[in-house]
Amino acid sequence: MNNSYEITTPWKILHNWINKYLILRILYKLSELIYCTLQWSLGYCYRFACKKIPVIHKTHLFLKKIYKPQAHLFQFLREFIINPRATGSVIPSSRFLTREMVSHTLDCKPNDMIIDLGAGTGVVIKSLIKAGIPPKQIIAVEYSPNLADKLRLNFPEVKVIQGNALELSRLIKDHHGVKHIISSLPLRSLPYHMCQGILKQITSVLPKDGKYIQFTYRLKHNEAYMPTDLNLIKRKIVRMNFPPARVDVWQH
């Protein structure tokens, strides 16, 4: 059985086709070299102009001020284009949604660990830290290598693991003291057998009295996408999120 929940995109099809032929691979690498050279030269000219022309300099600072807070959004959108099924949404979760999810994990003791499953751009990690959870008590599990690298850069004290949620018990086997699991995985966007496999992994990792917090954009409940060995203790719809989302809290 294929454990990957990646789906084929036009970019991947083109890339695989190019790799079949040596001459095309050479042309592809040459085009990359030309692109990088143009990017560097244009960037150098732009920075030079910014220093010499005040208007361009002010425009540059203005655009940078707008872009920086939204950088995570562009990164998230890029991952959605590459692998929409694994990403599940074109925008990260809002602070209203992450705040609701995090509120169920604040009973952690100093040695308890929280797993952020499908950490994405780190919006849940930010909410956990803001709520007073030390970064060293957070384990972020992310499937995308690009997003995992960004998480390591932005949250150096957080343990970031790049891997598939279908192998969760193997990925965290050396990490003891897991208390809660917050999941942002788009379970209903995945094939049924993969969803069931992930739920079994979550149940096997979750300790007694531990909580599994999952959100979904589909507000109508569906038993097929719910854990059978856990008890539902709370359900809440966060209408301030876009689109509105439902948070389910499960416990052993």
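Residues numbered from 1 in each chain as written. Predicted model: local features only at pLDDT ≥ 70, side-chain atom pairs only at ≥ 80, totals over all residues. Heavy atoms only, no water.

Trainee: How would you summarise the overall build of the protein if you had to cite specific residues and measurements?
Mentor: The number of helices and strands found in the protein is 10 helices and 7 strands. Residue burial in the protein is summarised as follows: out of 252 residues, 42% are buried. Pairs at least 24 apart in sequence give 66% of the contacts found in the protein among residues at least 6 apart. About 15,200 Å² of surface is accessible on the protein, with carbon and sulfur atoms providing 61% of the total. (Helix = DSSP H or I, 4+ residues; strand = E, 2+ residues; numbered from the N terminus. Buried < 20%, exposed > 50% of the residue type's maximum accessible area, 1.4 Å probe, protein only. Contact = heavy atoms within 4.5 Å. Areas by Shrake-Rupley, 256 points an atom, 1.4 Å probe, with all protein chains shown as cover.)

Trainee: Can you break down the side chain of Gln-137 residue by residue, with the values?
Mentor: Following the sequence through the fold, Gln-137 ends up in the loop between helix 7 (123-130) and strand 2 (138-142). Look past the residues within four positions of Gln-137 in its chain and what remains in contact with it is Cys-108, Lys-109, Pro-110, Asp-112, Met-113 and Ile-114.

Trainee: With reference to specific residues and values, describe the environment of Lys-208.
Mentor: Structurally, Lys-208 can be placed in the loop between helix 10 (192-205) and strand 5 (211-216). What makes Lys-208 exposed here is its relative accessible area of 72%. C-alpha of Lys-208 to C-alpha of Lys-179: the two residues are 29 residues apart in sequence and 8.6 Å apart in space.

Trainee: I'd like a rundown of helix 6 (residues 95-102), residues and numbers included.
Mentor: Restricting attention to buried positions, one finds in helix 6 the residues Leu-97, Thr-98, Glu-100, Met-101 and Val-102. The inward-facing, buried residues of helix 6 abut helix 7, strand 4 (178-183), strand 5, strand 6 (231-238) and strand 7 (245-251).

Trainee: Could you give me a rundown of the environment of Pro-134, with the residues and numbers involved?
Mentor: For Pro-134, the position within the fold is in the loop between helix 7 and strand 2. C-alpha of Pro-134 to C-alpha of Glu-157: the two residues are 23 residues apart in sequence and 8.9 Å apart in space.

Trainee: Outline the packing of aromatic side chains, listing residues and values.
Mentor: For the coordinates displayed, the defined rule picks out 2 aromatic pairs. A centroid spacing of 6.4 Å and a plane angle of 85° characterise the contact between Tyr-192 and Tyr-225, whose relative ring orientation is edge-to-face. Here Tyr-225 lies in the loop between strand 5 and strand 6 and Tyr-192 lies in helix 10, a separation of 33 residues in the sequence. Taking the relative accessible area as the measure of exposure, Tyr-192 reaches 47% and is therefore partly exposed. Judged by centre distance (5.3 Å) and plane angle (80°), the rings of Phe-215 and Tyr-217 are edge-to-face. (Phe/Tyr/Trp six-rings, centres within 6.5 Å; stacked < 30°, edge-to-face > 60°.)

Trainee: Got a sec to walk through the sheet that holds strand 4? Specific residues and values, please.
Mentor: Strand pairing in a sheet is mediated by backbone hydrogen bonds. Such pairs are either parallel or antiparallel. Strand order in the open sheet formed by 7 strands is 3-2-1-4-5-7-6, with mixed pairing between adjacent strands. In the strand order of this sheet, the two ends are held by strand 3 (159-162) and strand 6, each with one partner. Adjacent strand axes in the sheet meet at a mean angle of 15°, parallel and antiparallel pairs treated alike. Pairing geometry for strand 4 and strand 5, over 4 bridges, is parallel. Each bridged residue has a counterpart across the sheet, and for Ile-182 the counterpart in strand 5 is Ile-213. Relative to strand 6, helix 6 is tilted by about 160°, and along the sheet it contacts strand 4, strand 5, strand 6 and strand 7. Packed onto the sheet, helix 7 meets strand 1 (113-117), strand 2 and strand 4 and runs at close to 175° relative to strand 2. (Pairing = 2+ DSSP bridges. Axes fitted to C-alpha atoms, helices over the stretch in contact; angles between N-to-C directions.)

Trainee: Account for the pattern of salt bridges, with residues named and values stated.
Mentor: Inspection of every chain in the model, using the stated rule, returns 6 salt bridges. The partner of Lys-236 in a salt bridge is Glu-100, and the shortest N-O contact between them spans 3.3 Å. Of this pair, Lys-236 sits in strand 6 while Glu-100 sits in helix 6, and the two are 136 residues apart along the sequence. Residue Glu-100 is classed as buried on the basis of its relative accessible area, which comes to 10%. Asp-248 is paired through a salt bridge with Arg-235; the nearest N and O atoms lie 2.9 Å apart. (Salt bridge = Lys/Arg side-chain N within 4 Å of Asp/Glu carboxyl O.)

Trainee: Which residues make up the nonpolar core, and what values do they have?
Mentor: The biggest cluster of nonpolar side chains holds 27 residues, and the ones touching the most others in it are Ile-115, Leu-117, Ile-172, Ile-181 and Tyr-212. Taken together, the elements giving at least two residues each to this core come down to strand 1, strand 2, helix 9 (168-171), strand 4 and helix 10. Leave out the neighbours within four places in its chain, and Tyr-212 touches Ile-181, Ser-183, Leu-187, Leu-199, Ile-202, Leu-206, Pro-227, Leu-230, Asp-248, Val-249 and Trp-250. One finds Ala-119, Val-124, Phe-215 and Ala-245 within the second-largest nonpolar core, a separate group that totals 25 residues. (Core = buried A, V, L, I, M, F, W, Y, C linked by side-chain atoms within 4.5 Å.)

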